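Breakdown of the fold
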Amino acid sequence: MTRKNFVIVLICIMVLFHFSPAITHANMASNGEEEQASQTENQSSKEVNNDTDDSQKGDFQEEPEEDNNESSHEKENSSFQNDKEVENKEEEESNEEQNSDDNSSEEKETTPREEEGKTDSEQVEAFAATVSLPYEKGDRHEDLVEIKEKLNHIGFDGISETDYFGDWTETRVRQFQEYYQLSVTGKVDQETINKLDSVYNSPFQLGKRHEDTKIIKEQLNSIGYGYISVTTLFGDYMESQVKKFQGDHGLRVNGIADERTLAKLEELASTDVFELGDRHNALISIKQKLNAIGFDGISETNYFGSWTETRVKQFQEYYGLSVDGKIGPATQEKLNSVYNSPFQNGKRHEDTKAIKEQLNSIGYGYITVTTLFGDYMESQVKQFQRDHGLRVNGIADEPTLRKLEELASTDVFEYGDRHNALISIKQKLNRVGFDGISETNYFGSWTETRVKQFQEYYHLTVSGKIDGSTQDKLEEVFNSPFQEGERHEDTVELKEKLNRLGYGHITVSTLYGSFTETQVRKFQQDHGLVVNGIADEITWLKLDETYYKVGFQLGDRHDDIIKIKQQLNAIGFGGISETNYFGEWMETRVQQFQRYYGLSVTGQADQQTQQKISSVYNSPFQNGKRHDGTVELKEKLNHIGFGYITVSTLFGSFTETQVRKFQDYYGLRVNGIADEVTIDKINEIYSSPLQKGKSDSRVIEMKEMLNALGYDGIAISEYFGSWTETRLKQFQSDYNLPVSGIADPKTIQKLDDSLIRVFLDPGHGGHDPGGQGYGINEKDVVLDIALQTEQFLSTKYKGVLVNMSRTDDTFIELTERANMANRWGADYFVSFHTNAFNGSANGFETYIHNGNVSNETKQRQTDIHSYIINNINVNDRGEKTANFNVLRNTNMSSILLEYMFIDNFVENTLLKDPSYRTYLAQITADAIASSYNLKRR
C-alpha cells in the first residue's frame, strides 16, 4: 500500500468512527428485520423454484361431481351474517371517516412556526402519550392500519384501512373476539393482538409450507373436499377447498386452516359413525354395499343425504337393528355380514345344498343340488323373496333362511303320493271351487290338474305339488271371513258395492248370508271367476276394479272419496269438506269440473273423471316442479303480457302468480296450474292473428277503434305493423290491461266498450227522392248533412265510431237499414230526414218508437232535440213517437230527425244553402257528442 492510499483509508476510518453512533442507532431496530426478511425471501425463492410443478400438478384439480340424489339437501351456511355486515360497511366506514374529520376539526390548530419549534422526537412522544393499548373506538394510531389489514385478510373484512378506530372496526373486533373465544370487549388489547397475529401468520394458508399441511389435506380428501395432492404446500386449490369446507360448516370463510377450522375438520374426519349431512370417502363403499344387497337406488358418492338415511333405516329395521338412520359399528358389521354372505351367486358352501333342497321342496325347484350358488339358484331365491315379501337381493340372508325353514318343514305332496292329510286338502279344494275331486288319500292326475289350476288362479308357482305356500293359500281361502255364515266389518262395504253394481237388494250388515253368497256367485260367473260364493282376494280385486269404473256418486261413502275431494280442492274446485261422504256440494263441484274439462256432465266421479282429476292434480306445470315444456310456457306468458318471468325449467311461485293472473283475466278456473284449458288459451292468445307482423281483415276495425279513441295516426289496412302495436300497447297500459301489443278478445272488448258506435242513416236514396221542393230532393239534402255529421264526429271527438247506411245515392230497404245497424252492433241509430206537407207547415221535430222503449232512448231524444232546436231559429214541433220501420226494427236506442220542411219556401232556402247544411251537420254532431259526454280531440 502506498502512502497516498494509506492516508485515504485512514481518513475514511475517522469519518466512519465520527458518524457511527447515528448509524448504529438508525440501523439497530431494522437489522434483525432485514436479516429475517432476507432469509425469508431466500427461503421463499427456493420453495417457489422447487415446488412449482407440485403446485400445478397436484394442488389444483377439477371438483368432483355432486351427488345428484342427495347434494340438493346440503345448505350453504353464511358465517356471522357477512352479507348484512358488508351491506352496512360503507355506511359505517363513512361514519368513521366523518368522525375522523370531526376530530380533526376539533383539534387545536398549530402554526407552522410552532411546529418548526418542536423536534421530531417531541412530536412523536406527544402523540404516543395520547394513545396506547388497548385501542378502542375513537382512537387514532398508526398501528391500527396494520391491525385492520390483518382483520381484513383473515375474513373479518370490509374495514377501511386507516389509523382511525371507528364503529365498524369495533364491530369486527367483537366478532373476531367472539369467534376465537376471547373476552368480547371490542377493544384491541394484547390478547387480541396475539390471537390476530397467530391467525394472520398461520403456516396453514396460501403459499406456505408445513409438514402438517399433508395431514390436513388427507383429512379434507377423506370427507369429500378432495382431489388435493398431498404435499407440504398450501396452494390455490387447497385454499378453495378450505373455503368451501368453512362455508359448508358455518365457519369464518378466510381460506386459512385456523384453530376453529382444524377442530371441525378433526371432528368430522375421525368419526366412525356416519349420519345425515356427513361427507366421507368411506360412504362410497357403504353405499355400494347397500345397493348390492337390495337397498338400492343410492347415488354412490361421499355424501350422506336423506335418501341414504331412508335406506339405512330400512336396512336396520329389516335386519332387526336399532333404527336411527346412522351408520354405526353395528350397522356396518351387519352390512358387511350380508354383503359377504357365502350364500350368494358365485360362491360355494356345504350348506348351500340344504338350501337348494328346501327350495326344491316348496316349489322353487329344478335346482341341481351342489355346493355352488349359481345363476339359476339366485333367480329362484329372488322369486322366493318376492313371493314372501322379503327384500329381493338374491342372497340367502337371515330373513330369507328363516322363511325358507318355516315353509320347508311342511310336508309336500305330489302325484303318486298317499297320505291321510290329502283327504282334508281335497275337501277344501272342492269347497273353494276347484271341485270334482274324489276325496281319498291318493294324489292322482286329476288332483294334480286341480292343484295346478288353483296355483295359477291365485298366482302361485305352478308345480302341481301341494307345497307349503299352496297349503297356506288354500287355508286362507277356505277360512275366509267372507263366506256364508260369517261376520266381518268389511262385509258392509262388500254388500254396498254389490248393490251399487246391480247385484243388489242385499241388506247391508256385517252378516254374510245365503243371499249375499248367491249374489257373489252371480258376480263371479259374470266376470269369469271361479264360482265358489266366497269373496276371496280375486273376487275383491275384480269387484273393486268394476266398482271404480262406475265410480262414486251422491250418497256414497268411501275412503277414496277423501282423496278425490282433496284433489278437487287443490285444483280450484274447492270448498269441499274432505270427508269420505259424497254429498250435494261435491256433486256440484264434480259437475263443474266435468263441464270445464269437456267431460260428460253426470256429477258422478267415474273412472274417466277421476283420471282427469288426477291428471290435472299431478300436472308437471305447477309450483315447485320442473319440466322442459315450462320454458316455452314462460316465453309465451312473457310475450302475451304476463311477463317478467325468468325463463327456466322451474315452475316457481312467481310463475304460479302470473298463471293465476292469466286465468283470472280470461275467466278460467284460477288454480295456478297450467292445465290443458289454460295452455289452450295461452296458445290462442300467443297465436292471435291480431299482432305485429300479421294481416287480418279484423285489423281494419281495430285500427278504426284505436284512431277513434285518440290513439290515432294509424293507416287503415289489414296489416298489423309496429306503429299499430305501439298504439295498442299505449291503450292497454292506459286501461290497465296486460301490455302485450296483441289484440286479444279482452282488448278488443275493452276497445269496443270504450267507444260509442253511432249509425247514421240518410233517408231515401236512389229511385226514392223523398220530399221535394223548389228544385231539391230530400235524399240529397240529408245525405249531405249525414256525411258531414260523420266527419264532424270522427274528426272532432274521441271515443266515437261512426258507420252509415249509405254514402252515395243508392236505395236501401228500410228493414235492411235497421239490420245493418244491428249487425254492426251500434249503440245509437240516427235517421236523417226533412219534412214536406202543404208548403206552409214548418219547423223541426224528432221521433222515437211509440212502443215500449227504454228510459235511455227517451233521454237521448230530449238531449239531442233540445240541443238542435236551441241552435236553429225555427219552429219547435216537439219530441214525438211513431211506429216507423227503422225505429221499430233496431235493437238499440234510435231517433229520427225531421230537420225542416223542404216544400216551405223559407226553410227550403235554408236547406238549399250548403253552408247551412254544414251548420246543421255540426250541431247534430255536437248534440250527439253532448248526450254521450264525448271528449273533443
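In the block above lies the structure referred to throughout.
Below or above, wherever it landed, is the structure these notes cover. As the structure is a prediction and not an experimental result, all values here were calculated from the model.

Rules behind the numbers
Residues numbered from 1 in each chain as written. Predicted model: local features only at pLDDT ≥ 70, side-chain atom pairs only at ≥ 80, totals over all residues. Heavy atoms only, no water. Helix = DSSP H or I, 4+ residues; strand = E, 2+ residues; numbered from the N terminus. Contact = heavy atoms within 4.5 Å. Areas by Shrake-Rupley, 256 points an atom, 1.4 Å probe, with all protein chains shown as cover. Core = buried A, V, L, I, M, F, W, Y, C linked by side-chain atoms within 4.5 Å. Buried < 20%, exposed > 50% of the residue type's maximum accessible area, 1.4 Å probe, protein only. Patch = residues over 30% accessible without salt bridge, like charges linked within 9 Å, V, L, I, M, F, W, Y side chains within 5 Å. Salt bridge = Lys/Arg side-chain N within 4 Å of Asp/Glu carboxyl O. Pairing = 2+ DSSP bridges. Axes fitted to C-alpha atoms, helices over the stretch in contact; angles between N-to-C directions. Parallel < 35°, antiparallel > 145°, perpendicular 65-115°, else oblique. Left-handed = near helix turned anticlockwise from the far one by under 90°. Nonpolar A, V, L, I, M, F, W, Y, C, P; charged D, E, K, R; others polar. 1 Å grid on protein atoms, 1.4 Å probe; cavity = no way out; pocket = protein on both sides within 12 Å on 5 of 7 lines; lining within 4 Å. Points joined across faces, edges and corners; volume = space filled by probe spheres on them. Arc of directions from axis to C-beta. Phe/Tyr/Trp six-rings, centres within 6.5 Å; stacked < 30°, edge-to-face > 60°. Lys NZ or Arg CZ within 6 Å of the ring centre and 35° of its normal.

Broken down by element type, the chain carries 37 helices and 12 strands. The contacts in the chain between residues at least 6 apart in sequence include a share of 55% that link residues at least 24 apart. With an accessible surface of roughly 47,400 Å², the chain has 47% of that area assigned to carbon and sulfur atoms.

Membership of the largest hydrophobic core comes to 94 residues, with the highest contact counts inside it found for L568, L637 and F662. At 5 residues, the largest contribution of residues to this core is made by helix α29 (residues 698-708). Setting aside its immediate chain neighbours within four residues, L637 contacts F642, G643, I645, V659, F662 and I682. Counting 40 residues, the second largest nonpolar core, distinct from the first, contains I785, I868, A927 and Y932.

Attention shifts here to a nonpolar patch on the surface. On the surface, a nonpolar cluster with roughly 340 Å² of combined accessible area is contributed by Y774, F905 and V906. Judged by its relative accessible area of 56%, V906 falls in the exposed class.

Moving on, we get to the pairing of strand β11 (residues 893-901). Counting buried residues along β11, 9 of its 9 residues qualify, which places the element largely inside the surrounding structure. As defined by bridge partners, strand β8 (residues 828-835) adjoins β11 across 7 bridges and the pair is classed as parallel. Residue pairing for β11: Y828 is matched across the bridge by S893. Inspection of the sheet shows strand β9 (residues 844-849) paired to β11 by 3 bridges, in the antiparallel sense. When the sheet's bridge partners are listed, E845 is paired in β11 with E898.

As a further point, take the sheet that holds β11. Judged by pairing direction, the sheet is mixed, and its 6 strands sit side by side in the order β7-β3-β8-β11-β9-β10 without closing on themselves. Each edge of the open sheet carries a strand with a single partner, namely β7 (800-804) and β10 (876-882). Taking each pair of neighbouring strands and ignoring which way they run, the sheet shows an average axis angle of 20°. Against the sheet, helix α36 (residues 905-912) contacts β8 and β11, and its axis sits at roughly 115° relative to β11. Lying over the sheet, helix α37 (residues 914-931) contacts β3 (756-762), β8 and β11, oriented at roughly 155° with respect to β11.

Another point: the environment of L529. Along the polypeptide, L529 turns up in the loop between α21 (514-526) and α22 (537-550). Sequence separation between L529 and G433 is 96 residues, and the spatial gap between their C-alpha atoms is 9.8 Å. Excluding its chain neighbours within four sequence positions, the residues that come into contact with L529 are Y457, F523, Q524, I538, T539 and K542.

Look at the link from L133 to P134: it is a cis peptide, with omega at -5°. Residue placement: P134 occurs in the loop between α4 (120-128) and α5 (143-153). A positive phi angle, near 65°, is found at Y644, a position not held by glycine. With a relative accessible area of 82%, Y644 lands in the exposed category. At H764, a residue that is not glycine, the phi angle is positive and equals roughly 60°.

Relative orientation of the contacting elements helix α11 (residues 282-292) and helix α13 (residues 329-339) amounts to 50°, with a least axis distance of 10 Å. One element, α11, and the other, α13, form an angle in the oblique class. Considering only the axes of α11 and α13, their crossing is left-handed. The segment α11 lies against α13, with I286, K289, L290 and A292 engaging Q332, L335, N336 and Y339. Residues that form the contact of α11 with α13 fall into these classes: 5 nonpolar, 2 polar and 1 charged.

Looking now at α5. For α5, every residue scored as buried is listed here: L144, I147, K148, K150, L151 and N152. Backbone geometry just downstream of α5 places G155 in the positive-phi region, at approximately 105°.

Take the side chain of N707 next. Residue placement: N707 occurs in helix α29. Under the relative-accessibility criterion, N707 is labelled buried at 15%. In this view, N707 contacts D712, G713, I714, I716 and R937; residues no more than four positions away in its chain are not counted.

Once that is clear, we can look at empty space enclosed by the protein. A probe as big as a water molecule, rolled over the atoms, marks out the empty space that is left. Within the structure shown, the criterion is met by 1 cavity of 30 Å³ or more. Size it by volume and the largest cavity reaches roughly 30 Å³. What lines the largest cavity is I286, L290, V312, F315, I327, T331 and L335. Contributions of two or more residues to the lining of the largest cavity are made by α11, α12 (306-318) and α13. For the lining of the largest cavity, the class distribution of residues is 6 nonpolar, 1 polar and no charged.

Before going further, it helps to examine the pattern of salt bridges. Within this structure, the stated rule accounts for 42 salt bridges. Across the salt bridge formed by R917 and D784, the nearest N and O atoms sit 2.7 Å from each other. Note that R917 is positioned in helix α37 and D784 in helix α32 (residues 778-796), a separation of 133 residues in sequence. Using a relative accessible area of 14% as the deciding quantity, one classes R917 as buried. What makes D784 partly exposed here is its relative accessible area of 22%. Salt bridges sharing common partners tie together E146, K150 and D197.

On to the environment of E656. Take E656: it is sitting in helix α27 (residues 653-665). Each C-alpha atom, one on E656 and one on G624, is 9.4 Å from the other, the two residues being 32 residues apart in sequence. When sequence neighbours within four positions are dropped, the list of residues in contact with E656 reads N623, F651, N671 and G672.

All right, on to the side chain of Q246 then. With respect to the element layout, Q246 can be found in helix α9 (residues 236-248). Non-local contacts of Q246, meaning those with residues more than four positions away in its chain, are made with L251, R252, V253, N254, G255, I256 and T261.

Further remarks concern helix α14 (residues 351-361). Here α14 has its buried residues at T352, I355, K356, Q358 and L359. Seen from one end, α14 has its buried residues packed into an arc of 160°, which puts them on one side. Just past α14, the residue G363 takes up positive phi, approximately 100°.

A separate point is the packing of aromatic side chains. Inspection of the entire model under this criterion finds 39 aromatic pairs. An aromatic cluster is defined as three or more aromatic residues linked by ring pairs; in this entry it consists of F156, F176, Y179 and Y180. When the ring centre of Y179 is taken as origin, the NZ or CZ atom of R260, which lies over that ring, is 4.3 Å away. The lysine or arginine in question, R757, covers the ring of W824, its NZ or CZ lying 5.0 Å from the ring centre.

Quick look at the packing of helix α24 (residues 584-596) against helix α25 (residues 607-617) now. Following both chains from N to C, one finds α24 and α25 inclined at 75°, their axes separated by 11 Å at the closest point. Looking at the two axes, α24 sits roughly perpendicular to α25. Taking contact as the criterion, the partners of V590, F593 and Q594 in α24 are, on α25, T609, K612 and I613. Counted by class, the contact of α24 with α25 contains 3 nonpolar, 2 polar and 1 charged residues.

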